[in-house]
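Below are the chains, spelled out letter by letter.
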Amino acid sequence: MRMLHRLLFTMITVTSLTLVGCANSPQQLSPQPRLTSQFAAVGQGQAVAVRVVDGRPSPTLGTRGGLYPETSAVSVAPNDVLPKLQAQAEAAVRLLGFTPTANNGSAPTLTITLAELKYQSPKDKMYVTEANIGATFKADVTNGGRHYSGRYGASLNQRFGMAPNQETNTKLVSDVLSDALTRVFKDATIGQTLSQRNF
């Protein structure tokens, strides 16, 4: 009887350890967005006020799923990603032939809003087998009395053989951000609106 009790206790302990092993820890990502294309210059060195803002309701992108999704949040902090997006936006404006400036004055303005950044995994599975990652930017251009707005998104569905680590998720989120940001500046109307002169 004592042997049976000891065996039963051992089985319960092993089962508990297995369940704990299926829990995913939270991940704070530090993505590195990069422009993935060249752009034809349409400006002649005009100053453009460039501003990137975070329009997300929360720094949390979603969860990594698994048995305990509430403990496996994936997040990207605004103070980490915004300076990187700002640098890339200014680089793109230079490639378009303009001179980025922080001073509004009478210069045309380009405001880019990170409207959405999401990471979704199935919540009803023991192991993380796939993730849907998406990013959406909103661009607003003002030049005198002219205004132009657009929304630009990119998404990725990635399947995994095992739960992705922080390095893997950082790269995936970086790729999606890069794709979506590049699409902003591939919209020829943005450059055209910025280049129009006011009389």
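Please read all numbers here as calculations on a predicted model, not as lab measurements.

**Q** In this structure, what is going on with the overall build of the chain? I would like to understand it.
**A** Of the regular secondary structure elements, the chain holds four helices and eight strands. Element order for the chain, N to C, with α for helix and β for strand: α-β-β-β-β-α-β-β-β-β-α-α. Put simply, the chain has 199 residues, and 43% of those count as buried. Counting only contacts in the chain whose residues sit at least 6 apart along the sequence, the fraction spanning at least 24 positions is 77%. Accessible surface, the chain as shown: approximately 10900 Å² in total, 56% of it carbon and sulfur.

**Q** Where do I start with the environment of Arg51 in this structure?
**A** Its place among the elements puts Arg51 in strand S2 (residues 47–54). It is 4.8 Å that separates the C-alpha atoms of Arg51 and Thr111, two residues lying 60 residues apart in sequence. Setting aside residues up to four positions removed in sequence, Arg51 forms contacts with Gln86, Leu110, Thr111 and Ile112.

**Q** When you look at the pairing of strand S6 (residues 109–120) in this model, what are you seeing that I'm missing?
**A** For a regular strand, side chains alternate in direction, first toward one face of the sheet and then toward the other. Two elements, S2 and S6, share six bridges in a ladder whose sense is parallel. Residue pairing across strands places Val52 opposite Ile112, the latter belonging to S6. Here strand S3 (residues 60–63) pairs with S6 via two bridges, running parallel. Opposite Gly62, over in S6, you have Tyr119 as the bridge partner. In terms of strand pairing, S6 meets strand S7 (residues 130–143) through eleven bridges, oriented antiparallel.

**Q** Help me out: how do you make sense of the pattern of salt bridges in this one?
**A** Two side chains carrying opposite charge are able to pair once their charged atoms lie near each other. All told, the structure shown has six salt bridges when counted by the stated rule. Residue Glu130 pairs with Arg159 through a salt bridge whose shortest N-O separation is 3.8 Å. Taken together, the residues Glu130 in strand S7 and Arg159 in strand S8 (residues 146–159) connect sequence positions 29 residues apart. When the shortest N-O distance is used, the salt bridge between Lys138 and Asp140 registers 2.7 Å. Residue Lys138 is classed as partly exposed on the basis of its relative accessible area of 28%.

**Q** It is not clear to me how the nonpolar core should be interpreted in this structure. Could you clarify?
**A** Proteins that are soluble and globular tend to have nonpolar side chains buried together. Membership of the largest hydrophobic core comes to 41 residues, with the highest contact counts inside it found for Leu110, Phe137 and Phe185. Residue assignment for this core shows that the elements contributing at least two residues are S2, helix H2 (78–95), S6, S7, S8, helix H3 (166–185) and helix H4 (188–195). Residue contributions to this core peak at eight residues, all from H3. Residues in contact with Phe185, not counting those within four places in the same chain, are Leu35, Phe39, Ala89, Ala92, Val93, Leu96, Leu110 and Ile112.

**Q** Explain the environment of Thr111 here, please?
**A** Mapped onto the elements of the fold, Thr111 is located in strand S6. According to the relative accessible area criterion, Thr111 is partly exposed, its value standing at 21%. A sequence separation of 62 residues divides Thr111 from Ala49, and the C-alpha atoms of the two residues are 8.2 Å apart.

**Q** Just checking my understanding: could you explain the confidence of the model for the chain for this structure?
**A** Low pLDDT means the predicted coordinates in that region are not meant to be read closely. Summarising the model, the chain shows a mean pLDDT of 86, and 80% of its residues fall at 70 or more. No element of the chain has a lower mean pLDDT than helix H1 (residues 2–21), which averages 40, and none a higher one than H2, which averages 98. Under a pLDDT of 50 for its full length, residues 2–22 has, in the predicted model, five contacts with residues more than four places off or in other chains.

**Q** Help me understand the pairing of S3 in this model?
**A** Both S3 and strand S4 (residues 73–75) contribute to a ladder of three bridges, which runs antiparallel. In the sheet register, Thr60 faces S4, and the bridge partner there is Ser75.

**Q** Teacher, can you tell me more about the environment of Pro57 here?
**A** As for its position among the elements, Pro57 is in the loop between S2 and S3. Residues Pro57 and Ala115, spaced 58 residues apart in sequence, show a C-alpha to C-alpha distance of 8.6 Å.

Rules of the game
Residues numbered from 1 in each chain as written. Predicted model: local features only at pLDDT ≥ 70, side-chain atom pairs only at ≥ 80, totals over all residues. Heavy atoms only, no water. Helix = DSSP H or I, 4+ residues; strand = E, 2+ residues; numbered from the N terminus. Buried < 20%, exposed > 50% of the residue type's maximum accessible area, 1.4 Å probe, protein only. Contact = heavy atoms within 4.5 Å. Areas by Shrake-Rupley, 256 points an atom, 1.4 Å probe, with all protein chains shown as cover. Pairing = 2+ DSSP bridges. Salt bridge = Lys/Arg side-chain N within 4 Å of Asp/Glu carboxyl O. Core = buried A, V, L, I, M, F, W, Y, C linked by side-chain atoms within 4.5 Å. pLDDT = per-residue confidence, 0-100.

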